[in-house]
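# Examining the three-dimensional arrangement
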Amino acid sequence: MTPLPRRAGRLAVLGLAAALLPVRPAGGADILPTSDVRVQVSSAAVTGLDCRRRAFRMEFSRDIGLRYRRIAGETFTRNPNPYTLVWGVFALIAMVPMAVLAPPADLLAAPWRRQCGFELRVEGRLRGWAGSAVAGAPVGAEGASVTEDGVGDFVAPRYSLSRGTATADGEGRFVVSLPGRVGPGPQMELRWLVHSLPSGRMSLRKSGRRFILSEPDPEFGSTAETMEPLEIRPGSAP
């Protein structure tokens, strides 16, 4: 069976990262303020990795059950539309095999459903548009990861949020630490802030026994130097 809730959870994390942006300023301005300082990460470490089995839930069964209920409610109305009725009956019949297979699939998948907690430590430097170091600026990192998948527009996902702050030294260097978590999705989204203004996003993804820190969508234009993905082995020091 295709793990629909897991894929939905991963998409929800990206949506949450965008939702964490500051509230639109008064006056109806269309452009949200952002920092003119770029966060350049040079190294990162994951320590205290603790992975354990997630609490047992009938995740596949819940997904199918909620979708079944939604389709049935839209199909069998007081004044059904013929097209909607035919489509709904067909969809309900097509979902019968999935409804039958969902409970045993949940039982089989339960031992492999895990969540991991850890501490993320990131070192880097703050750069201005011309590449000059930005000294003494407050820098923060906000992490967001899905702890419980949502189901379409029926149930909203739940998130784990964390934050770490630091102040850059005279050469723009900084070290930020914050708690991290992955599971059920394999990644945690990071949002950087300088002087409390958004300064780019990154993604920390668990892949087997390693983590990959990357910047999938640089926000400082085509002239900005794209960050090369960093491979992190848990327990390693920067």
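All residue numbers here refer to positions counted from 1 along the written sequence of the relevant chain. Local features in a predicted model are, by the rule used here, given only for residues with pLDDT of at least 70; side-chain atom pairs are given and counted only at 80 or more, and totals for whole chains, interfaces and linings are based on all residues. Values reported for side chains reflect all heavy atoms of the structure, with hydrogen atoms and water molecules removed beforehand.

### A look at the sheet that holds strand E5 (residues 173-182)
What counts here: A pair of strands is labelled paired if DSSP reports no fewer than 2 bridges between them. Per the convention used, a helix needs a DSSP run of H or I reaching at least four residues, while a strand needs a run of E reaching at least two, with both numbered from the N terminus. Only C-alpha atoms enter the line fits that serve as axes; for helices the fit covers just the stretch in contact. Angles between N-to-C directions range over 0 to 180 degrees.
One open sheet accounts for 3 strands, arranged E1-E2-E5; its pairing is antiparallel. Among the strands making up the open sheet, the edge pair consists of strand E1 (38-53) and E5. For this sheet, the mean angle separating the axes of adjacent strands, direction not counted, is 15°. Sheet analysis places strand E2 (residues 114-127) next to E5, joined by 10 bridges and oriented antiparallel. Within E5, the position partnered with glutamate 119 by the bridge is proline 179.

### Some details on the packing of helix H3 (residues 82-94) against helix H4 (residues 96-109)
Let me state the cut-off plainly: Any two residues whose heavy atoms approach within 4.5 Å at even a single point are treated as in contact. When residues are sorted by character, Ala, Val, Leu, Ile, Met, Phe, Trp, Tyr, Cys and Pro go into the nonpolar class, Asp, Glu, Lys and Arg into the charged class, and all the rest, Gly among them, into the polar class.
H4 packs onto H3 with a crossing angle of 35° between their chain directions and a minimal axis gap of 4 Å. Counting all contacts with H3, which are made through Leu92, Ile93 and Ala94, the residues of H4 involved are Val96, Pro97 and Met98. For the contact of H3 with H4, the per-class residue count stands at 6 nonpolar, no polar and no charged.

### Overview of the environment of glutamine 115
What counts, and what does not: Polar contacts here mean pairs of N or O atoms no more than 3.5 Å apart (in protein, one a potential hydrogen donor and the other a potential acceptor; neighbouring residues in sequence count only if both atoms are side-chain atoms).
In this structure, glutamine 115 sits in strand E2. Separated by 68 residues in the primary sequence, glutamine 115 and glycine 183 have C-alpha atoms spaced 4.3 Å apart. The contact partners of glutamine 115, leaving out residues within four places of it in the chain, are Asp50, Cys51, Arg52, Arg54, Arg181, Val182 and Gly183. One polar contact links glutamine 115 to arginine 181, side chain to side chain, over a distance of 2.7 Å.

### Observations concerning the sheet that holds strand E6 (residues 187-194)
One open sheet accounts for 6 strands, arranged E4-E3-E6-E7-E8-E9; its pairing is antiparallel. Of all the strands in the sheet, just strand E4 (158-167) and strand E9 (230-232) have a single pairing partner and so form its edges. On average, adjacent strands in this sheet sit at an angle of 20° to one another, irrespective of strand direction. Of the strand pairs in this sheet, strand E7 (residues 197-207) and strand E8 (residues 210-214) are connected by 5 bridges, and their pairing is antiparallel. Within E8, the residue paired with serine 203 across the bridge is serine 214.

Spatial relationships are all this shows, so hold off on functional conclusions.
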